[in-house]
Amino acid sequence: MGLDDIKRRISAAEERAGRAPGSVTLIAVSKVQPPNRVTAVLEAGHRVFGENYVQEAQGKWPGWRARWPGVELHMIGPLQSNKAKAAVELFDAIHTLDRMTLARKLAQQIAQQGRSPQLFIQVNTGDEPQKAGILADELPVFLSSCRDLGLLPQGLMCIPPEDEDPLSHFRLLRALAQDHGLPNLSMGMSADFETAIAEGATHVRVGSAIFGARDYG
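Residues numbered from 1 in each chain as written. Predicted model: local features only at pLDDT ≥ 70, side-chain atom pairs only at ≥ 80, totals over all residues. Heavy atoms only, no water.

Enquirer: I tried to follow the overall build of the protein on my own but got confused; where do I start?
Expert: Within the protein, the secondary structure is distributed over 9 helices and 8 strands. Against the 2.2 N^0.38 benchmark of 17 Å for 217 residues, the protein shows a C-alpha radius of gyration of 17 Å, consistent with a compact globule. Seen through its C-alpha atoms, the protein measures out along the principal axes to roughly 45 × 40 × 35 Å. In the protein, buried positions account for 48% of the 217 residues. Pairs at least 24 apart in sequence give 58% of the contacts found in the protein among residues at least 6 apart. Carbon and sulfur atoms make up 48% of the accessible area of the protein, which totals about 10000 Å². (Helix = DSSP H or I, 4+ residues; strand = E, 2+ residues; numbered from the N terminus. Rg over C-alpha atoms; globule rule 2.2 N^0.38 Å. Buried < 20%, exposed > 50% of the residue type's maximum accessible area, 1.4 Å probe, protein only. Contact = heavy atoms within 4.5 Å. Areas by Shrake-Rupley, 256 points an atom, 1.4 Å probe, with all protein chains shown as cover.)

Enquirer: For this particular structure, what's the right way to read the nonpolar core?
Expert: Core analysis: the largest hydrophobic core is formed by 59 residues, its most contacted members being Phe49, Leu97 and Leu156. Here Leu97 is in contact with Leu102, Ala103, Leu106, Leu119, Phe120, Ile121, Gln122, Phe142, Cys146, Leu151 and Pro153, once residues within four sequence places are set aside. (Core = buried A, V, L, I, M, F, W, Y, C linked by side-chain atoms within 4.5 Å.)

Enquirer: I'm lost on the packing of aromatic side chains in this one. Help?
Expert: One pair of aromatic rings is described through two measures. These are the centre distance and the angle between the planes. Enumeration over the complete set of coordinates arrives at 2 aromatic pairs. A ring pair is formed by Phe49 and Trp61, whose centres lie 4.8 Å apart and whose planes are at 45 degrees; its orientation type is tilted. Residue Phe49 is found in strand β2 (residues 48-51), and its partner Trp61 is found in helix α3 (residues 54-67); the two are separated by 12 residues along the sequence. Neither residue differs from the other here; Phe49 and Trp61 are each classed as buried. Ring centres of Trp61 and Trp64 lie 5.0 Å apart, and the angle between their planes is 85 degrees; on these two criteria the pair is classed as edge-to-face. Of this pair, Trp61 and Trp64 are both found in helix α3, 3 residues apart, which corresponds to roughly one turn of the helix. (Phe/Tyr/Trp six-rings, centres within 6.5 Å; stacked < 30°, edge-to-face > 60°.)

Enquirer: Before we go on, may I ask you to explain unusual backbone geometry in this structure?
Expert: As a rule of thumb, non-glycine residues mostly have phi less than zero, and peptide bonds are mostly trans rather than cis. Phi angles above zero are rare outside glycine, and Val32 is one such case at about 55 degrees. Along the chain, the position of Val32 falls in the loop between β1 (25-29) and α2 (35-43). On the basis of relative accessible area, Val32 is assigned to the partly exposed category, the value being 26%. In this model, Asp127 sits at a positive phi of 50 degrees, which is unusual for a non-glycine residue. Note on placement: Asp127 falls in the loop between β5 (118-122) and α6 (139-148).

Enquirer: Looking at this structure, how should I read the environment of Asp98?
Expert: Within the element layout of this structure, Asp98 appears in the loop between β4 (93-97) and α5 (100-113). On the basis of relative accessibility, which here comes to 14%, the residue Asp98 falls in the buried class. Ignoring any residue separated from it by four or fewer positions in sequence, one finds Asp98 in contact with Gln122, Ala132, Gly133, Ile134 and Phe142. Side chain to side chain, Asp98 and Arg99 meet in a polar contact 2.6 Å long. (Polar contact = N/O pair within 3.5 Å; in protein donor to acceptor, adjacent residues only side chain to side chain.)

Enquirer: Whenever I open this one, the pairing of β5 confuses me. Can you help?
Expert: As a general feature of sheets, a regular strand has side chains that alternate between the two faces. Burial analysis of β5 places 4 of its 5 residues in the buried class, which makes it a mostly covered element. Bridge count for β4 against β5 is 3 bridges, and the pairing is parallel. In the strand pairing of β5, Leu97 is matched with Ile121. The β-α-β motif built from β4, the intervening α5 and the parallel element β5 has right-handed crossover chirality. The pairing of β5 with strand β6 (residues 155-157) spans 3 bridges and is parallel. Among the inter-strand pairings, Gln122 is bridged to a residue of β6, identified as Met157. Each parallel crossover has a hand, and the one from β5 via α6 to β6 is right-handed. (Pairing = 2+ DSSP bridges. Right-handed = clockwise from strand over helix to strand, strands pointing away.)

Enquirer: Sorry if this is basic, but what is going on with the pattern of salt bridges here?
Expert: Should the charged atoms of two oppositely charged side chains come close, the side chains can pair. Evaluation of the coordinates by the stated rule reveals 11 salt bridges. Arg9 is the salt-bridge partner of Glu194, the closest N and O atoms lying 2.9 Å from each other. Here Glu194, found in helix α8 (residues 193-198), pairs with Arg9, found in helix α1 (residues 3-16); they are 185 residues apart in sequence, far enough to count as distant. The exposure class of Glu194 is partly exposed, given its relative accessible area of 27%. Residues joined by salt bridges that share partners form a network here, namely Asp5, Arg9 and Glu194. (Salt bridge = Lys/Arg side-chain N within 4 Å of Asp/Glu carboxyl O.)

The following block contains the structure:
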């Protein structure tokens, strides 16, 4: 298991960046991982996990939460508006708020359920047409519209283009968050989380480096 190694690397990256110990939350991305790998990480004491698919998470996490109290579950994949009800019920944080139709559905469900997951706005820092997320110059209006609905986003999330150095994308996300008073930054994955921590990430999303390669069989 790579969990201990990743935790050591996060601690070292925090120290190099002059960050307080424990200031970065490790989200163990458990999507499409065999149950035995996930339960091994739970047995090791880790409690913060990320999932990409509502239906997959519904199928496994209620039972695991009953066995391992204190689990914090983060939605890190694209969220369909028609899954907003289930997402608000299940997740403690949603990292992929990226359009007004979803914002309205989430606001409705948060009001109805009286439960408010932490919200991150996904920013398409690479302006990639195939990728979800709002564009950087759309953020002020989008954020204002979310707040008008009663939503209180606490951070930003990005997934840099695969073929580019992520550094400029992390710096852009940090600048946007600072401009808008958002304290949290969800950025950095298995290959680049140390760079993200140096640039201010508060949440890093690591899957294969903890669990091993996924088998999509």
